[in-house]
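Residue strings, one per chain:
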Amino acid sequence: MSRVERIRTALQAAFAPEVLEVRDDSHRHAGHEGAKDGRGHFKVIVVSDAFAGKAPLARHRAVYAALGGMMDTDIHALQIKANTPAEHAAAG
């Protein structure tokens, strides 16, 4: 299973999102100091009711927790957009 698939599976299990996008941007960071150990750069968009009533920092912490050990072994950098369905709809 690829890293993108593992990220997708973990986030799907944790949040049952209405929208889930996972993008591997590692190729854009080739040669970057943090990428030399083989970990990647990713962007995730997660839209879930699980974020209702949570501050942005709490949402990000929840995403990190869902990814668990992958943060140490597979992911060097993670760009997170975590919204509720209403916020996602309002953003267009």
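Below: a short report on this structure.

Here we look at the overall build of the protein
Okay, step 1: Scanning the protein from terminus to terminus reveals four helices and three strands.
Okay, step 2: Counted from the first residue to the last, the protein has its helices and strands arranged as α-β-β-α-α-β-α.
Okay, step 3: Each of the 92 residues in the protein was classed as buried or not, and the buried ones make up 36%.
Okay, step 4: In the protein, 67% of the contacts between residues at least 6 apart in sequence involve partners at least 24 apart.

Remarks on the side chain of Asn 83
Okay, step 1: Tracing the sequence through the fold places Asn 83 in strand E3 (residues 75–83).
Okay, step 2: Discounting residues that sit within four places of it in the chain, Asn 83 has contacts with Val 46, Val 47, Ser 48, Phe 51, Arg 59 and His 88.

Here's the deal with unusual backbone geometry
Okay, step 1: Of note, the phi angle at Ala 16 is positive, near 40 degrees, even though the residue is not glycine.
Okay, step 2: For Ala 16, the location among the structural elements is in the loop between helix H1 (3–15) and strand E1 (19–24).
Okay, step 3: Residue Ala 16 is classed as exposed on the basis of its relative accessible area, which comes to 57%.

As for the pattern of salt bridges
Okay, step 1: A complete count under the given rule lists three salt bridges for this structure.
Okay, step 2: A salt bridge links Arg 6 to Asp 74, with the shortest nitrogen-to-oxygen separation between them at 2.9 Å. Taken as a pair, Arg 6 in helix H1 and Asp 74 in the loop between helix H3 (70–73) and E3 lie far apart in primary sequence, 68 residues in all.

Digging into the side chain of Thr 84
Okay, step 1: Locating Thr 84 in the fold gives a position in the loop between E3 and helix H4 (85–91).
Okay, step 2: Using a relative accessible area of 11% as the deciding quantity, one classes Thr 84 as buried.
Okay, step 3: Excluding residues that lie within four positions of it along the chain, Thr 84 makes contacts with Val 47, Ser 48, Phe 51, Ala 52 and Arg 59.

Thoughts on the environment of Gly 68
Okay, step 1: Relative to the assigned elements, Gly 68 resides in the loop between helix H2 (56–67) and H3.
Okay, step 2: When the C-alpha atoms of Gly 68 and Ile 7 are compared, they prove to be 10.0 Å apart, with 61 residues separating the residues in sequence.

Re the packing of aromatic side chains
The geometry of an aromatic ring pair is captured by two quantities: the separation of the ring centres and the angle between the planes.
Okay, step 1: Applying the stated criterion to the full structure yields one aromatic pair.
Okay, step 2: Here the aromatic rings of Phe 15 and Phe 51 are separated by 5.0 Å at their centres, their planes lie at 40 degrees, and the arrangement is tilted. With Phe 15 in helix H1 and Phe 51 in the loop between strand E2 (40–47) and H2, the pair connects residues that are 36 residues apart, well separated along the chain.

Quick notes on the rules
- In this numbering scheme, every chain counts its residues from 1 along its sequence in written order.
- Reporting of local features is limited, given that this is a predicted model, to residues whose pLDDT is at least 70; pairs of side-chain atoms are given and counted only at 80 or more, and all residues count toward the totals for whole chains, interfaces and linings.
- Water and hydrogen atoms play no part in the side-chain values, which are based on all heavy atoms of the structure.
- Put simply, DSSP H or I for four residues or longer makes a helix, DSSP E for two residues or longer makes a strand, and each gets a number counted from the N terminus.
- Under the scheme applied here, a residue whose accessible area is under 20% of the maximum for its type counts as buried, over 50% as exposed, and between as partly exposed, the area being computed with a 1.4 Å probe on protein chains only.
- Contacts are residue-level and defined by heavy atoms, with any inter-residue pair within 4.5 Å sufficient.
- Each reported salt bridge corresponds to a side-chain nitrogen of Lys or Arg within 4 Å of a carboxyl oxygen of Asp or Glu.
- Side-chain rings of Phe, Tyr and Trp, where Trp is taken by its six-membered ring, are said to pair if the distance between their centres is within 6.5 Å; with planes under 30 degrees apart they count as stacked, over 60 as edge-to-face, and otherwise as tilted.

Structural measurements only, silent on function.
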